[in-house]
Amino acid sequence: MTDLLILLGVVLGIIAISKVVSVLDMVATAKGENSYMPNARENRFQARLMPGFLIAYFGFIVWQLVAWGDRMLPVSASEHGEIVDELMNITWIVITPVFVFTHILLFYFAWKYAYDKNRKAAYISHDNKLEILWTAIPATVLLILVLYGLSVWNEITTPLTAEDDKIEIELYARQFDWTARYPGEDGKFGKANVRLIEGVNMLGLDSTDANASDDKYVKAEFYLPVNKDVQFYFRAQDVIHSAFMPHFRAQMNCVPGMTTLFKFKPIKTTAEMKEITGDPDFEYYLLCNKICGAAHYNMKMEIKVVSEEDYNKWLSEQKEFLAVEVNEPAEVEATPQTDSTQTKVGESTQLSMLN
Ligand SMILES: [Cu+2]
């Protein structure tokens, strides 16, 4: 009810203001003044605001850089991240001077060529040379930047092959947490199906699949060995999430019903990064970067990058799936599916492409 009253007040306010303006307009017309043509004094004042705005605007940008510059991400902790940062820096180097130059011209001209009754504007209907110049130069520069960006994109998104020396991890997203799964001794992920999700089997691993029995999964944090390629597989249980690992310059959507991929090679351990940032509490994080619901802000998981030795030791201490839970898929399958969304997702969540 109060909302309705506020809305009514706003609408009536707007009507009242428009009435006042139209009355003032009529008064000006009656006096013989054209209210749409500002007088010379007001015009000069407006013109002077232009360079004033320019200075305040650039001043604010510089102030932000000084005040918040240290909030930028630290150096990249992954191999491809260095290439991404280089691409970003080159783009900045190209566009910053153009941005500054064109904005100076924009506000300078608005000030210099403010209306003057003693000056007559030059009339140029068309200039082919000029048209070609200001089309060709930006087009060429953009083409180079786009092609360079595409080649970097292709390089970082090509999945690792079977021959590559790598570890594999599946990141499973759901409202509102992450689970990381390692394939275990056999190096193969077991099949999973959303219909088998029950109790502690939150990934719906199929216990009848031999590959699943030694799979390991962790929730609080997950480990990566330094200087080793990691192939990630992303899945989601309910809605679209996005796996964001900013320190590694990595981000990939997690989509229900399909598996998405991303790979990277960590090059700095957590301990090294604590030293680089000068922050003894520094940790790598996996965050959700897709607004997926009420607790989205809290959907994160710690990542520890350690030596391969420490990684192997940690992994060997994690429990295998079979030791955690054995369920009966046949029984679960027989239960009637009442939740239509779960059924639909389950249809295509088989991880067959990994085997
Ligand atoms: Cu999410």
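Scroll up a little and you will see the structure.
Residues numbered from 1 in each chain as written. Predicted model: local features only at pLDDT ≥ 70, side-chain atom pairs only at ≥ 80, totals over all residues.

**Student:** What should I look at first to understand the overall build of the chain in this one?
**Tutor:** Along its length, the chain carries 9 helices and 10 strands. For the chain, buried positions account for 21% of its 355 residues. (Helix = DSSP H or I, 4+ residues; strand = E, 2+ residues; numbered from the N terminus. Buried ≥ 20, exposed ≤ 12 C-beta atoms within 10 Å, placed from the backbone.)

**Student:** Teacher, can you tell me more about helix α1 (residues 2–31) here?
**Tutor:** In an α-helix, one full turn covers 3.6 residues, which means residues spaced three or four apart are oriented alike. Its 30 residues place the ends of α1 44 Å apart at the C-alpha level, agreeing with the 44 Å of an ideal helix rising 1.5 Å per residue. Counted residue by residue, α1 has 0 buried out of 30 residues, so it is predominantly exposed. (Expected span 1.5 Å × (residues − 1).)

**Student:** What is the right way to look at the nonpolar core in this model?
**Tutor:** Within soluble globular proteins, side chains that are nonpolar tend to cluster in buried spots. Grouped together as the largest cluster of nonpolar side chains are 38 residues, with contacts concentrated most on L171, A173, W178 and I303. It is strand β5 (residues 229–236) that contributes the most residues to this core, 5 residues altogether. Residues in contact with W178, not counting those within four places in the same chain, are L171, Y172, A173, L286, M299 and M301. (Core = buried A, V, L, I, M, F, W, Y, C linked by C-beta atoms within 7 Å. Contact = placed C-beta atoms within 7 Å.)

**Student:** So what exactly am I meant to see when it comes to the pairing of strand β9 (residues 284–288) here?
**Tutor:** Looking down a regular strand, the side chains alternate between one sheet face and the other. Only one face of β9 is covered, namely the one carrying Y284, L286 and C288; the face carrying Y285 and L287 has none of its residues buried. Note that strand β6 (residues 241–245) and β9 share 2 bridges and pair antiparallel. Residue pairing across strands places F244 opposite L287, the latter belonging to β9. One ladder, built from 4 bridges, connects β9 with strand β10 (residues 300–306); its direction is antiparallel. Each bridged residue has a counterpart across the sheet, and for Y285 the counterpart in β10 is E302. (Pairing = 2+ DSSP bridges.)

**Student:** Help me understand the sheet that holds β9 in this model?
**Tutor:** The strands that make up a sheet pair up through hydrogen bonds in the backbone, lying either parallel or antiparallel. Strand order across the open sheet formed by 5 strands is β4-β10-β9-β6-β7, with mixed pairing between neighbours. Single-partner strands in this sheet number two, and they are β4 (221–225) and β7 (250–254). Neighbour-to-neighbour, the strand axes of the sheet open up by a mean angle of 25°, direction not taken into account. Where β6 meets β7, 5 bridges bridge the pair, whose relative direction is antiparallel. Directly across from S242, in β7, lies its bridge partner N253. (Axes fitted to C-alpha atoms, helices over the stretch in contact; angles between N-to-C directions.)

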